Amino acid sequence: MIRNRDALARTPTHGVALDAIEAGIEAAHPETVVTETVSLSGDTLSIADERYDLDSFERVLVLGGGKPAGAVAAALEAVLGERIDGGAVVTATPVETNRVTVHEGTHPLPSEANVRATSDVLDRARRADEDTLVLAVITGGASALLSAPAEGVTIEDLCAVTDGLLDAGATIAELNAVRKHLSRLKGGQLARELAPAMTVGVVFSDVVGNPLAVVASGPTAPDSSTYAEAVAVLDRYDIDPPAAVCERLGAGTAGDRPETPDPDSAVFDGVDNHVLADGQTAVDAAAAVCADAGYEPVVLSTRVEGEAREAGRRQAAIARECLVTDDPVAPPVGLLSGGETTVTVTGDGDGGPNQEFALAAGCNLDETAGRVVVGSVDTDGVDGASEAAGALVEETVGGQAAREALADNDSETFLRGQDRLIETGPTGTNVNDLRVLLVGE
Ligand SMILES: O=C(O)[C@H](O)CO
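Everything quoted here is computed from the prediction, not taken from an experiment.

(A) Up close: the overall build of the chain. Counting secondary structure elements, the chain contains 16 helices and 15 strands. Taken against the 2.2 N^0.38 rule, which gives 22 Å for 441 residues, the C-alpha radius of gyration of the chain at 22 Å falls within 12% of a compact globule. If one aligns the C-alpha atoms of the chain with their principal axes, the spans along those axes are about 65 × 55 × 35 Å. The buried share of the chain, reckoned over its 441 residues, is 56%. Considering only intrachain contacts with a sequence separation of at least 6, the fraction spanning at least 24 residues in the chain is 78%. With the model as given, the accessible surface of the chain reaches about 17,200 Å², and the carbon-plus-sulfur share is 46%.

(B) Geometry of the sheet that holds strand 7 (residues 132-139). Taken in spatial order, the six strands line up as 6-5-4-7-8-9 in an open sheet, and their pairing is parallel. Two strands close off the open sheet at either side, each with one partner strand: strand 6 (101-104) and strand 9 (271-277). On average, each strand axis in the sheet is inclined to that of its neighbour by 20 degrees, with strand direction left out of account. Together, strand 4 (59-65), strand 5 (86-91) and strand 6 form the strand contacts of helix 5 (residues 112-127), whose direction differs from that of strand 5 by roughly 150 degrees.

(C) Quick peek at the pattern of salt bridges. Per the stated rule, a full pass over the model turns up 16 salt bridges. Across the salt bridge formed by Glu 193 and Arg 126, the nearest N and O atoms sit 3.1 Å from each other. Within this pair, whereas Glu 193 is found in helix 9 (residues 189-194), its partner Arg 126 is found in helix 5, the two being separated by 67 residues in sequence. Its relative accessible area of 24% is what places Glu 193 among the partly exposed residues. Between Arg 236 and Glu 174 there is a salt bridge, with its nearest N and O atoms 2.7 Å apart. Taken together, the residues span a long stretch of sequence, with Arg 236 in helix 10 (residues 227-236) and Glu 174 in helix 8 (residues 172-180) at a distance of 62 residues. In this structure, a network of salt bridges that share partners links the residues Arg 5, Asp 19 and Glu 22.

(D) Structural detail: unusual backbone geometry. Each neighbour pair has its own omega, and for Ala 195 with Pro 196 the value is 10 degrees, a cis peptide bond. Mapped onto the secondary structure, Pro 196 falls in the loop between helix 9 and strand 8 (198-204). Not every positive phi belongs to a glycine, and Ala 48 is a case in point at roughly 50 degrees. For Ala 48, the position within the fold is in the loop between strand 2 (44-47) and strand 3 (50-53). Given the relative accessible area of 36%, Ala 48 is considered partly exposed. Despite not being glycine, Asp 238 shows a phi value in the positive range, around 55 degrees. By secondary structure assignment, the location of Asp 238 is in the loop between helix 10 and helix 11 (243-249). Residue Asp 238 is classed as exposed on the basis of its relative accessible area, which comes to 70%.

(E) The arrangement of the domain arrangement of the chain in detail. Annotation of the chain at the domain level lists domain 1 (5-26 + 280-439) and domain 2 (29-148 + 183-225 + 260-277). Between domain 1 and domain 2, the C-alpha centre-to-centre distance is 32 Å. Listed per partner, the contact involves 16 residues of domain 1 and 16 residues of domain 2. Three residues stand out in domain 1 for area buried against domain 2, namely Glu 26, Gly 428 and Asn 430, and they jointly supply 39% of the buried area on that side. For the pair domain 1 and domain 2, the number of links is one salt bridge. The residue Asp 380 makes a salt bridge to Lys 67 at a minimum N-O spacing of 2.4 Å. Connecting domain 1 to domain 2 are seven residue pairs in polar contact (both at pLDDT 80 or more). Secondary-structure elements contributing two or more residues to the side of domain 1 that touches domain 2 are helix 2 (12-27), strand 10 (296-307) and strand 11 (333-342). Top contributing element to the side of domain 1 that touches domain 2 by residue count: strand 10, with three residues. Along the lines of polarity and charge, the residues of the side of domain 1 that touches domain 2 split into three nonpolar, eight polar and five charged.

(F) Local environment of the packing of helix 13 (residues 308-325) against helix 14 (residues 353-362). At a minimum axis distance of 7 Å, the contact between helix 13 and helix 14 shows a crossing angle of 40 degrees. What the angle tells us is that helix 13 and helix 14 run oblique. The chirality of how helix 13 crosses helix 14 is right-handed. The segment helix 13 lies against helix 14, with Ala 308, Arg 309, Ala 311, Gly 312, Arg 313, Gln 315 and Ala 316 engaging Pro 353, Glu 356, Phe 357, Ala 360 and Ala 361. The class makeup of the residues in the contact of helix 13 with helix 14 is seven nonpolar, two polar and three charged.

The rules behind each value
Residues numbered from 1 in each chain as written. Predicted model: local features only at pLDDT ≥ 70, side-chain atom pairs only at ≥ 80, totals over all residues. Heavy atoms only, no water. Helix = DSSP H or I, 4+ residues; strand = E, 2+ residues; numbered from the N terminus. Rg over C-alpha atoms; globule rule 2.2 N^0.38 Å. Buried < 20%, exposed > 50% of the residue type's maximum accessible area, 1.4 Å probe, protein only. Contact = heavy atoms within 4.5 Å. Areas by Shrake-Rupley, 256 points an atom, 1.4 Å probe, with all protein chains shown as cover. Pairing = 2+ DSSP bridges. Axes fitted to C-alpha atoms, helices over the stretch in contact; angles between N-to-C directions. Salt bridge = Lys/Arg side-chain N within 4 Å of Asp/Glu carboxyl O. Domains from an automatic or database assignment. Buried area = accessible area lost by both parts, 1.4 Å probe. Polar contact = N/O pair within 3.5 Å; in protein donor to acceptor, adjacent residues only side chain to side chain. Nonpolar A, V, L, I, M, F, W, Y, C, P; charged D, E, K, R; others polar. Parallel < 35°, antiparallel > 145°, perpendicular 65-115°, else oblique. Left-handed = near helix turned anticlockwise from the far one by under 90°.

So this is what it looks like as structure tokens:
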């Protein structure tokens, strides 16, 4: 899966880091996950710990979206075969399917193509009745891919607000609180359209802690956020929204639109959501590879957030501590983490959070004599706006030029010049970042 593996595997330690990254991505791939967590025996469909009697339904539909949604639909088809009657998903990475229509959409910004594709999903959702079982594919990236702007709001309005909040460094919970209130489907509204059908959410989480109301803007999850909170987010980041957005959110007025359905809403009586994969899935598989290769795995955290370069410096410091003092663990050790770091852009360069993480770590590995190797990727294969998944570095990547590139947020250009970028292409999954720091003896 790592296309330039040969160029990157400079030493056996580099090779182990690449193996661990590949294993992490593979473990979180829908084909692997669905095979392990979904099964059909006679008329009984098992998803995670829950059982559903297909005999109680006249039809089974697959509906949803997000970056891995095409691969999830294909994997569900492989398990359920002809028991699936149809459906539609919107994804950035189309795959071949037999019964579910896979629409290709745009990410990270929504487009008219996404809106058209989402109408297909919504039309089918509206036709679902009490005899329908809906497998709702809820995966990261769906906030952009599943786009059904609220009345009066255009795609340009959505793009302007999304862009503004992303650049300003809003958190995903803040961004999605706004997106939910500009949509006809997010924040539990897909569940409202699907009722009275039985809805089973098949969730792949790319958000730290798996908050169902935030992953993909929670189309099938209760939502406690409000119009007032959405307005407060725009104010906090000093966003001057388009007029239609002000109008919709009721900025400056009381606002009289119905809120998104909250946890007490009867809409969720027929909804079960199951998180089948998340960052932990990838970290655990990477840890197993480290252990097999003789590196004691230590999971630092699956919840690393904040500025990527700060996280890179801190994790490099922990690796150096292991190397110099054998504390908290004597080498050989594999330090693993997941989560989602961000970059506050102040320079003019190119690069994503995983590349900044790796470059910052590489600049802080002085005197480690090549015994520390740092790999960091976004498991979807796309690190921020970059086409690479991330980077693999060691001490030799550091130096004045590296520090200057970091200062200009130009990690991608610099690491490409050093042949340090990890290239996978879109992987078909999306469970956020995976980092592996190997400390050799
Ligand atoms: O689509 C989204 O909202 C993000 O990927 C988080 O799930």
